[in-house]
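# Understanding the architecture of this molecule
These are the residues of each chain, in order.
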Amino acid sequence: MSAFIETVGLKKYFAVTGGVFRRKVGDVRAVDDVGLRMMKGECFGLVGESGCGKTTFGKTVIRLHKPTAGHIYFNAPDDIKEEISKLESSSQNSNELKELRKRYDLSAFKGQRLKSARKQMQIVYQDPTTSLNPRMLIKDIVGEPLIVQKLLKGEERRKRVIQILNRVGLTERHLYRYPHEFSGGQRQRIAIARALVTNPEFVVLDEPTSSVDVSVRAQLLNLFQDLQKELGLTYLFVSHDLSVVECISHRVGVMYLGKLVELAPTAELYREPLHPYAHALFASIPIPDPTKRRRRLPLKGEVPSPVNPPPGCRFNPRCEKALEICRREEPKLVDVRNGHFVACHLIGS
Amino acid sequence: MKNLLTLKDLVVKFYTYEGVVEAIDGVNLNLRDGETLGLVGETGCGKSVTSLAVLVLVPAPGKIEGGSALLATKKGNLELLSQKEAVLQKIRGDDISMIFQDPRASLNPVFTVAEQVSEVFFLHRKEELCKRVLAGLENDLSKRSWKRLIYKLERNIYKKMSENPNSWRLRILSKIPIVNRYQLRLKKEAGKDVVKILGLMKIPDPERVAEMYPHELSGGMAQRIVIAMALGCNPGLLIADEPTTNLDVTIQAQILALIRELREEFKSSVLYITHDLGVVAELCDRVAVMYAGNVVEIADVMEIYKNPLHPYTSALLESIPRPGKEFKTIEGEVPSLISPPIGCRFNPRCTKATELCSQQKPTLEEVEKDHFVMCHLYPGSSK
């Protein structure tokens, strides 16, 4: 099966400036060489601690950030991807490469082409209180993408807005209200309606349930699942709430300090995480069942700074099983069994 | 087992422009000696207000309107709500202390960790510190030194201080430059305690961390410092208001392990406020479930997860996402507490509601042994 969205060696560095002239003194390596493939209609979960680059990755995939290096393919044919990688490795025919990238590689899109590509991809942010303009009516908030993309006008736009509001569980009555009149769960529904109004195929959900209560969270998760089935959406579900990701995702990727350390189908990953970091992460989820109370050894230390990450495997200073090679060489993400990818020296060999 | 804290019919109201918010409407709760009680509920159900009422720190426009809060302190039983502010200040930090949700907001950015943590020792352990300083001074005086005159002066000051730490003379002395250098000894002595308690919090290299400012600390470290401040005087009751909500799971696991260890070591009871049912299952001995300003169910942690009696509790437990199952939700939304529903406050969302539920408010009754429920479905509650 061909990938719907594919990233190849995606990097996003943020410059750290210092001194009198604000010169660049270093890089925050928020996303460092991440390559993954998402299938059509899939919900891909991305988990990790705060500051590991999962949100930056989500934003870079839909080009809210310009990647420092790497490719993003959005529904591009396989032979074109091969062609590009071939041209790149031969480092000749640079004109041809440029031409191909301009047409197929999202990371090289510019101007009008980028804008029209954005119709296909949307994002729902973490906190609906800050992502909705408090001075705009709901009809304007939800209708704005249609104005920006020049899709529908006048009565048609209004109809479309009502249709999408109905779909997320709101009604026509809510059109002429302001965001502050809604509860947290309803605000998140408005944010979802705004994301879906242009009929996108790919939606990045950036911790959409972290700011709502348990009972509302379940309502939103049901909504996400229904919408996915109905509209055939592809989700990138970014979250640090591992139990939510377990329920909604088909495949899950674990990130640590800008790197993807493990990627596997959800059930397999939750049953048997292979990477020591993933193992520690899953062991620290509190289980809502007092009979399964356990004495466990929490992971020691804290996440190092992404400005100068440790050499070799980035997890080695906190890893209990670290070997000599872990401090020298960076492990590659390899397929250990049927689509279960791990980046660890202990498991690769 | 002895009760450490008993709340009876506690009522807290907030007088806002939109109307009177009945935030706490007759809360009955008891915390036994040495246990960890989890207080669970959704946002705005009054969990935090309950804990603030225990400290008599409800912010304006809130007012404690009625009820009682009985605390077994180190010096006997005390009714908290009728005490004067001066008495309460002695109790806060010594008998009850609190950990707030956001550790960064609870730390002052312009003071070092040592200065902030030692404050609790200055407030509640001054006499003990004075004694240690005097012992040190005697030691210094026994040596021959040209500073003997200064030491003698300092000895006089500290003797006065151990008699009455808040005398006006000392207050004036502490404001005079150069003369107030006598305080350095006290600070040094408190610094030793700070390092000791930071070490207990499993902070690596406590001497170095003590000299840091809050912005240099990570979230997990800052929370450890706040816990150190709270446990400085070995309080009988520790109130933890969602201490791990802002932290990552791995750091959360570290902090939970720390709290678990410390409550054994300090023999403190913990009132743990959270909305995370997973954390409750891991940490607590008993659980109290709150909904819209009422405690609707109290039971042992095993009992409540296995046999939830109140419809809200069972709905809450079912809304935990579990793989392979559809997400069950609670229909409707948390009611506005300005005009709460008449009768049982859960009745508009309850699937088992009857005529009686929308007319009369149920009371919290012991339905099974050690299992209290506030619901008309169970006989006894509808008296």
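Overview of the structure. (Residues numbered from 1 in each chain as written. Chains lettered and ligands numbered in written order. Predicted model: local features only at pLDDT ≥ 70, side-chain atom pairs only at ≥ 80, totals over all residues.)

This next bit is on the overall build of chain B. The helix and strand tally for chain B stands at 14 helices and 12 strands. The dimensions of chain B, computed from C-alpha atoms along their principal axes, are 90 × 45 × 45 Å. Here chain B holds 383 residues, and 44% of them are scored as buried. The long-range share in chain B, meaning contacts at least 24 apart out of those at least 6 apart in sequence, stands at 64%. (Helix = DSSP H or I, 4+ residues; strand = E, 2+ residues; numbered from the N terminus. Buried ≥ 20, exposed ≤ 12 C-beta atoms within 10 Å, placed from the backbone. Contact = placed C-beta atoms within 7 Å.)

Residues and elements named next belong to chain A. Counting buried residues in strand E8 (residues 251-256) gives six out of six residues, a clear majority hidden from the surface. Taking every second residue as pointing to the same face, both faces of E8 are buried, with Arg251, Gly253 and Met255 on one and Val252, Val254 and Tyr256 on the other. Summarising the sheet, strand E3 (residues 43-47) and E8 pair through four bridges and their orientation is parallel. Bridge pairing links Phe44 to Arg251 in E8. Pairing geometry for E8 and strand E9 (residues 259-265), over six bridges, is antiparallel. Across the sheet, the residue bridging to Tyr256 is Lys259, located in E9. Adjacent in sequence and paired antiparallel, E8 and E9 are bridged by two residues, among which Leu257 carries a positive phi angle near 50 degrees. (Pairing = 2+ DSSP bridges.)

Counting residues at the interface gives 32 residues for chain B, matched by 30 residues for chain A. Looking at the side of chain B that touches chain A, the elements that each hand over two or more residues are helix H11 (249-266), helix H12 (277-283) and helix H13 (301-306) of chain B. Among the elements that take part in the side of chain B that touches chain A, H11(B) stands out by supplying six residues, more than any other. Split into classes, the residues belonging to the side of chain B that touches chain A amount to 15 nonpolar, 10 polar and seven charged. (Nonpolar A, V, L, I, M, F, W, Y, C, P; charged D, E, K, R; others polar.)

With that settled, the discussion passes to the nonpolar core. With 200 residues, the main nonpolar core has A:Leu236 and A:Phe237 as its most contacted residues. Here this core takes nine residues from helix H10 (residues 219-231) of chain B, the largest share from any one element. Not counting the four nearest positions on each side in its chain, A:Leu236 is found in contact with A:Met38, A:Phe44, A:Leu46, A:Gly58, A:Val61, A:Val204 and A:Leu205. (Core = buried A, V, L, I, M, F, W, Y, C linked by C-beta atoms within 7 Å.)

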